[in-house]
Amino acid sequence: MARIFRFARDGVVLAAFLILLVLIAVKLDQAADSVIRGPFYAIDGDTLSAGGERLRLQGIDAPELDQTCEDDRGRSWECGKEARRLLARLTADARTECLGRDRDRYRRLLVRCHAGTENINAVLVRRGLAIASGRYADEQVAARRERQGLWAGRFESPQDWRAGRGMTDDPNLADAFVDWLKRAIDWE
C-alpha cells in the first residue's frame, strides 16, 4: 500500500513540475512580444500604422474601408469607414500600446492593442464594428444580442465581401492550419 502511495505521490510531483515548466515557457514566450507605442494612424478598421510599421489587429475582422452595410430599416451606412473612425478614436489615447510577435502573410505585425486596461480589439467586436475571428466570442455574442453596429441590420462578412471583389485572402492549407493553431494555443 505504501508503495502505491509513493508512486502516486511521485506522479503528482512530476505532473506539477511539468505544468510549472510549461507555464514558465509560456511566460517567457509572451515576454518576446514587440511593444509598439503610437502615434497610430488607422488605415482601416483592423489595421494601424505606427512609425512605418503596419499592424494588423489580431483575432478580429473589420469591414473593408469601402464596405457598406444596412441598418434595421434597410438604409445603407458606411460600416467600413465607421470601423476606421472608432479604431482611430480608441488609439488616440496616449497610453495606447500594441503587443505582438507574429506576422501575417503580408508581413504586418499581428497585435493586441490596449489603452490602459481596455482591450481595443475586444472593444471593436463588442461595439459591433468587427467580427471575432478565433477569439472575442463573448464580445460578439453580446454585440449580436444588443444589435450593436453590424448586428443592427444586414451585412456581408468582410471575408465574403473581399472574396466577392477578387480580394480574397485564400491562404494555402498549411498557412490556414498554422494560423488556427496559433489562435488555439494563444491563451490571452
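Residues numbered from 1 in each chain as written. Predicted model: local features only at pLDDT ≥ 70, side-chain atom pairs only at ≥ 80, totals over all residues. Heavy atoms only, no water.

Engineer: Could you clarify how one ought to interpret the pairing of strand β9 (residues 109-115) in this entry?
Structural biologist: Taken residue by residue, a regular strand's side chains alternate between the two faces of the sheet. With respect to burial, β9 is a largely interior element, seven of its seven residues being buried. A two-sided burial pattern is seen for β9, the buried positions comprising Leu109, Val111, Cys113 and Ala115 on one face and Leu110, Arg112 and His114 on the other. (Buried < 20%, exposed > 50% of the residue type's maximum accessible area, 1.4 Å probe, protein only. Helix = DSSP H or I, 4+ residues; strand = E, 2+ residues; numbered from the N terminus.)

Engineer: I tried to follow the state of the cysteines on my own but got confused; where do I start?
Structural biologist: Put plainly, a disulfide is one covalent bond tying together the sulfur atoms of two cysteines. All told, the structure shown has two disulfides when counted by the stated rule. Between the sulfur atoms of Cys69 and its disulfide mate Cys79 the distance is 2.1 Å. The sign of the S-S torsion, about 65 degrees, decides the handedness of the disulfide formed by Cys69 and Cys79: right-handed. Here Cys69, found in strand β6 (residues 69-70), pairs with Cys79, found in helix α2 (residues 79-90); they are ten residues apart in sequence, far enough to count as distant. (Disulfide = S-S within 2.5 Å.)

Engineer: Just checking my understanding: could you explain the pattern of salt bridges for this structure?
Structural biologist: Any two side chains of opposite charge can pair if their charged atoms end up close together. Enumeration according to the criterion identifies 18 salt bridges in this entry. Among the ionic pairs, Glu78 bridges to Lys81, the shortest N-O distance being 3.5 Å. By relative accessible area, which is 41% here, Glu78 ends up partly exposed. The exposure class of Lys81 is partly exposed, given its relative accessible area of 30%. Each of Asp46, Arg56, Asp61, Glu64 and Arg162 takes part in a single network of salt bridges with overlapping partners. (Salt bridge = Lys/Arg side-chain N within 4 Å of Asp/Glu carboxyl O.)

Engineer: Please clarify how the side chain of Arg108 should be interpreted in this entry.
Structural biologist: Positionally, Arg108 belongs in the loop between β8 (96-100) and β9. One polar contact links Arg108 to Asp104, side chain to side chain, over a distance of 2.6 Å. Once residues within four sequence positions are removed from consideration, Arg108 is found in contact with Thr47, Arg54, Arg56, Asp102 and Arg103. (Polar contact = N/O pair within 3.5 Å; in protein donor to acceptor, adjacent residues only side chain to side chain. Contact = heavy atoms within 4.5 Å.)

Engineer: Help me out: how do you make sense of the nonpolar core in this one?
Structural biologist: Looking at soluble globular proteins, one finds that nonpolar side chains tend to be buried together. Membership of the largest hydrophobic core comes to 27 residues, with the highest contact counts inside it found for Leu48, Leu55, Leu57, Cys98, Ile120 and Leu124. For this core, the elements supplying multiple residues, two or more each, are β3 (47-50), β4 (53-57), α2, β9 and α3 (120-126). When residues of this core are assigned to their parent elements, the largest contribution, five residues, is made by α3. (Core = buried A, V, L, I, M, F, W, Y, C linked by side-chain atoms within 4.5 Å.)

Note that all results are geometric; they support no functional claim without further evidence.
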